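Observations on the three-dimensional arrangement
Okay, here's what each chain looks like letter by letter:
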Amino acid sequence: MAEKSDIPNELLDALLTNYENPEDMFGKNGILEQFTKKVVERALEAEMTHHLGHEKHGPVTNATGNTRNGKSKKTLKGKNSDLPLAIPRDRDGSFEPQLVEKHQTHWPGFDDQVISLYARGMSVREIQGHLKELYHTEVSPALISAVTDAVTDEVRQWQGRPLDAVYPILYQDCIHVKVRDSGTVSTKAVYLALGVTMNGVKEVLGLWISPNEGAKFWLSVVTELQNRGVRDIFIACVDGLKGFPEAITSVFPQTQIQLCIVHMVRNSLKYVGWKQRKEAAADLKEIYSAATEELGQAALERLEQKWDASHPLIAKPWRANWQLVSPFYAYPPEIRKVIYTTNAIESLNMSLRKIIKTKASFPTDEAIFKIFYLALRNISKKWTMPLKDWKSALNRFAIMFEERFPV
């Protein structure tokens, strides 16, 4: 006995009677298109029969006396071309097709295709050209925009979703983008908060856009995290964002603030000539590779004695921010690498920059949220494994933050 999915050979022979080349199968008005049209229209007629309770031209059996009332025309964006369809109608307008829903203009999967291309940084014009090659049909910019705009509600839900109560590590960083606003182009900062869960897996907690940063802005961000369920953060690793340390400690007073050592080194090396950079980098490494905070301070003093006369700005930020630089000394080397650098979020930012590099500017803040969210959704699919040496780090956190560590 043949399974339901089997197609009789006799039917296949009939369909392929005039087949000579691939164009006959896949081209416009080809066998595949005609077959799809016939099958879909037959299925819609079956839906109508089920809805009314009687066959076409059969006796009316439903209580309201509802019957067929001709057909309406609709064109779907098909996989290879536009597909014209005849959709059956009923007299009282109560028929709701399931296979081809009302107001549907393209096949399922079309939206996913558009969104996937948009998430990879393609412009509306580029998507339009790509879909023309793929579907052999014109797709209007308005349709593409409508498909991508449908993501907006999803972005709002994501941005407001509940968060975990505890994040052992929080990384904070930003990307600068250009936005057209009232005819002028301005630069805005897109801030990202990347948390590490108790399982050691990375999670983007949210996106925020601001023309400038400061304590007031950061306080609103941290308060939002608190309102969404965050009760504690063990360590917040930042790159010196203005006002962030004060904002986070005002909401989470027990959180340790750790300045990113990589950013500190880069900032110091900006003031050193190329020929001396290798030497200065080696002296700086003595500070952050020291076994204890005392040895680190001693290395900083040697740096000051050696470079202050000629390059006073190399050591100055280390001395000025020592309280925010030094927390990592309390941890063993394998954990230090996790907490004293924002590499985790910088790697994320690098992926985002690749996606937006072809965009000269964005039309609105909403457009920024949309493409960043879609890109992050794709990127985060790969985040299934915990950070390296996470078990060791978690055991250390359980000892150091015993009273705050969730059981």
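Above this text sits the structure in question.
In this report, we go over the structure that sits alongside the text. Bear in mind the structure is a predicted one, so any value in this text is a computation, not a measurement. (Residues numbered from 1 in each chain as written. Predicted model: local features only at pLDDT ≥ 70, side-chain atom pairs only at ≥ 80, totals over all residues. Heavy atoms only, no water.)

1. Describing the packing of aromatic side chains
The condition is simple: Two aromatic rings, drawn from Phe, Tyr or Trp (for Trp, its six-membered ring), form a pair once their centres lie within 6.5 Å of each other, and the interplanar angle then sorts them: stacked below 30 degrees, edge-to-face above 60, tilted otherwise. Only protein chains enter the accessibility calculation, which uses a 1.4 Å probe. A residue is then buried if its area is under 20% of the maximum for its type, exposed if over 50%, and partly exposed in between.
Under the counting rule described, the total for this entry stands at 13 aromatic pairs. Plain terms: the ring middles of Trp322 and Tyr329 are 5.9 Å apart, the flat faces sit at 35 degrees to each other, and that makes the pair tilted. Each member of the pair, Trp322 together with Tyr329, is buried. An aromatic cluster is present here, built from Phe234, Tyr331, Trp390, Phe397, Phe401 and Phe405 joined pairwise through their rings.

2. Topic: the pattern of salt bridges
Let me state the cut-off plainly: The salt bridge criterion pairs a side-chain nitrogen of Lys or Arg with a carboxyl oxygen of Asp or Glu, the two atoms within 4 Å. Numbering of helices and strands starts at the N terminus; helices are DSSP runs of H or I of at least 4 residues and strands are runs of E of at least 2.
Under the defined criterion, the tally for this structure stands at 13 salt bridges. Its salt-bridge partner being Arg377, residue Glu154 comes within 2.8 Å of it at the nearest N-O pair. With Glu154 in helix α7 (residues 152–159) and Arg377 in helix α17 (residues 365–380), the pair connects residues that are 223 residues apart, well separated along the chain. Its salt-bridge partner being Lys306, residue Asp283 comes within 3.0 Å of it at the nearest N-O pair. Of the two residues, Asp283 is situated in helix α11 (residues 274–288) and Lys306 in helix α12 (residues 293–307); the sequence distance between them amounts to 23 residues. One network of salt bridges, in which partners are shared, links Glu45, Arg68 and Lys71.

3. Section: α17
Our working rule: Expected span of a helix: the number of residues minus one, times 1.5 Å.
Here α17 contains 16 residues, and its C-alpha end-to-end distance of 22 Å stays within 8% of the 22 Å for a straight helix at 1.5 Å per residue. Ala367, Ile368, Lys370, Ile371, Phe372, Tyr373, Leu374, Ala375, Leu376 and Ile379 are the residues of α17 that are buried.

4. Quick look at the side chain of Arg336
For the record, the criterion: The definition of a polar contact used here is a pair of N or O atoms within 3.5 Å, where within protein one atom must be able to donate a hydrogen and the other to accept one, and adjacent residues in sequence count solely through side-chain atom pairs. By the convention used here, residues are in contact when the closest approach between their heavy atoms is within 4.5 Å.
Turning to its location among the elements, Arg336 is positioned in helix α15 (residues 333–339). Classification of Arg336 by relative accessible area gives buried; the value is 7%. Of the polar contacts made by the side chain of Arg336, one reaches the backbone oxygen of Ala291; its length is 2.9 Å. In terms of polar contacts, Arg336 uses its side chain to reach the backbone carbonyl oxygen of Phe328, at 3.4 Å. If sequence neighbours within four positions are ignored, Arg336 has contacts with Tyr288, Ser289, Ala290, Ala291, Thr292, Phe328, Tyr329 and Tyr331.

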